[in-house]
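# Structural overview
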Amino acid sequence: MNAGLFLKSFTKPAREIEKISGNIVDVVHSTIYPATVILESGKIKEIVRENKEYNTFIIPGLIDAHVHIESSMLVPSEFARLAVVHGTVSTVSDPHEIANVLGVAGIEYMLSDARKVPFKFYFGAPSCVPATKFETSGAEIDIALLDELLSRPQIKYLSEMMNYPGVINGDPQVLAKIEVAKKYKKPIDGHAPGLRGEALKKYAEAGITTDHETYELEEALEDITLGMKVMIREGSAAKDFNALHTLIAKHPRSVMFCSDDKHPDDLMHGHINQLVKRALDLGYDKMDVLRIASYNPIKHYGLEVGLLQKGDWADFAVIDNFKNFNIIKTYINGRLVAEKGKSFLEKASEGGINNFNAHPKKVSEFAIKAQNSLINVIEVIDGELITRKIKIIPKVSNGYIVSDVEGDILKIAVVNRYREAPVAVGFIKNFGIKKGAIASSVAHDSHNIVAVGASDKDLASAVNLVIHNHGGLALTCGIYKEILKLPVAGLMSNRDGYQIAKKYSELNIAARKLGCNLKAPYMTLSFMALLVEPEIKLSDKGLFDSIYFKFINLFE
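Residues numbered from 1 in each chain as written. Predicted model: local features only at pLDDT ≥ 70, side-chain atom pairs only at ≥ 80, totals over all residues. Heavy atoms only, no water.

### Brief notes about the overall build of the chain
- Each helix and strand counted, the chain has 17 helices and 30 strands in total.
- With the principal axes as the frame, the chain shows a C-alpha extent of 85 × 50 × 45 Å.
- Every one of the 556 residues in the chain was classed for burial, and the buried ones make up 64%.
- Accessible surface, the chain: about 20,000 Å² in total, of which carbon and sulfur atoms supply 50%.
- Side chains of the chain give 66 positive and 67 negative charges; the mean places of these two sets differ by 3 Å. (Helix = DSSP H or I, 4+ residues; strand = E, 2+ residues; numbered from the N terminus. Buried < 20%, exposed > 50% of the residue type's maximum accessible area, 1.4 Å probe, protein only. Areas by Shrake-Rupley, 256 points an atom, 1.4 Å probe, with all protein chains shown as cover. Lys, Arg positive; Asp, Glu negative; His and termini not counted. Charge placed at Lys NZ, Arg CZ, Asp CG, Glu CD.)

Structure representation (structure tokens):
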């Protein structure tokens, strides 16, 4: 996105500064020195070195190298209002989620809303819409549409290529998408959880340049050996910092920080600054850490974000010191956008866009007749996107399999939100719900409705609450009903981001009162239909083996 657009679109709220003094942290030349930065028209006109002592440090603005803005449940302009408080000035954003609901129209919405604030959003062209052929999505982005998107200067890269089997096996459509990105000389993001050896080599040789799905150190080292950049991810669901942080010292030029998915309550409390602080606390070199949080993504994606150099855009944050790493102020294009925990970005979003055609479901549509057989069950791993496949003897009542609350084997359902179709039903372990149900229209990647509940009646109630509101996060227990409405594509709200964060926190607390023992119940629920993450998931078409990429029967 042309940086000049930001000055035009930012009409409030704070004055544009003319100069600022402090200890300049120059990550380009790995030095720190006292100076006064002279600004003009949003850029750095001059940096005057001084022989003074300052008690604050001016650092490059922080960048999230891979995030789905939609997962914050906030439209871009609201996401920005929360993020700038934490020193973030830019994101590399994959609009894959809204694209699977609305196609190019969804991407256009994100671009339009993003222009309402000075925050520097850089979007990619989604490579997998639909995500797979094994689920129903709301749109398709074919080669021609992908070519048109990648031809735009503001579209910086080909978003994560999740169909790694297609890359490895030479699928013509998948390889054609990669060739379009190469034609426009744009980076290609990867997505290859657990991929190793010859398969990973083929994936990298196809032109994949990054991987944010690496969750083991040896796997990450193999990525780097093959020339890929590894993103250390710490989001609301997937948390890989502990496994990968040693890369900071060993391979600082091959690492970036990202969140991937950041729910609103977590975003309210912190962003990339939290990763920086943790790395500094572990004793890693401050220059390496800050380069990872700014320089590396800027250079990899060609972002128009400043690095405190003469002629750069004035994008930076002011901190107290490297021990506490408190963000005091954040500037974008020379304008103060946040100070001491307060965002100066004004609410800018109005209107919305959606694609929701589901009709209310009957309780009987969630019933499953028993067979004399074991059943395949999804086993949740708290804090992980991956799941395990286990086999259990189901609980049967009056000839039908029912949720086994005592054994924590609950029903999970996925309901097609784009057209009328049979409800897909499976079973899941480790949600812990003892009564009631939770449901969500945030269900990666196609965003059908996903629900887990203690009974068929509870499931139907929660699903129908989502349907009635054309999207949202719902919780029901008898006559008690709560919903966080998500009117924008069934994924986001254009209401005040802090209010959404509060409501989301309240829903998580309510889910725990139902017995759910997961750290982030709705975030975990949203990934139970994500077919590209091993080992077993549920799509609107049925139970799916994510290792062998094929449907499997509920009954063994």
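Now, onward.
### Overview of the sheet that holds strand β29 (residues 542-545)
- Reading across the sheet, the 3 strands line up as β28-β29-β30 and stay open at both edges, with antiparallel pairing between neighbours. Edge positions in the open sheet fall to β28 (536-539) and β30 (550-551), since each of these has one partner strand only.
- Where β28 meets β29, 4 bridges bridge the pair, whose relative direction is antiparallel. If you follow Ile536 over to β29, its bridge partner there is Asp545. (Pairing = 2+ DSSP bridges.)

### Re helix α16 (residues 497-513)
- Helix length check: α16 (17 residues) gives 25 Å between terminal C-alpha atoms against 24 Å at 1.5 Å per residue, within 8%.
- What α16 keeps buried is the set Gly497, Ile500, Ala501, Tyr504, Leu507, Asn508, Ala510 and Ala511.
- The secondary structure elements touched by the buried residues of α16 are α2 (76-83), α12 (264-269), β24 (437-440), β26 (472-477), β27 (480-485) and α17 (521-526).
- The first or second residue beyond α16 is Gly515, which carries a positive phi of 115 degrees. (Expected span 1.5 Å × (residues − 1). Contact = heavy atoms within 4.5 Å.)

### Side note on the sheet that holds strand β10 (residues 210-211)
- Taken in spatial order, the 3 strands of this open sheet run β10-β11-β12, and their pairing is parallel. Each edge of the open sheet carries a strand with a single partner, namely β10 and β12 (255-258).
- With 4 bridges connecting them, strand β11 (residues 229-233) and β12 associate as parallel partners. From the neighbouring strand, Val230 faces β12, where its bridge partner is Val255.
- Packing against the sheet, helix α13 (residues 272-281) makes contact with β11 and β12, and its axis sits at approximately 130 degrees to β12. (Axes fitted to C-alpha atoms, helices over the stretch in contact; angles between N-to-C directions.)

### Focus: the packing of aromatic side chains
- A complete count under the given rule lists 12 aromatic pairs for this structure.
- Summarising the aromatic geometry, the rings of Phe79 and Phe119 are spaced 6.4 Å apart at their centres and angled 75 degrees between planes, so their arrangement reads as edge-to-face. Of the two residues, Phe79 sits in helix α2 while Phe119 sits in the loop between α4 (104-114) and β7 (120-125), which places them 40 residues apart along the sequence. Each member of the pair Phe79 and Phe119 is classed as buried.
- With a centroid separation of 5.4 Å and 75 degrees between ring planes, the pair formed by Phe544 and Phe549 is classed as edge-to-face.
- For Phe549, a relative accessible area of 17% puts it in the buried group.
- By the ring-pair criterion, three or more aromatic residues cluster together here, those being Phe79, Phe119, Phe121 and Phe123.
- Seen from the ring of Trp313, Lys43 lies directly overhead, with NZ or CZ sitting 4.8 Å from the centre. (Phe/Tyr/Trp six-rings, centres within 6.5 Å; stacked < 30°, edge-to-face > 60°. Lys NZ or Arg CZ within 6 Å of the ring centre and 35° of its normal.)

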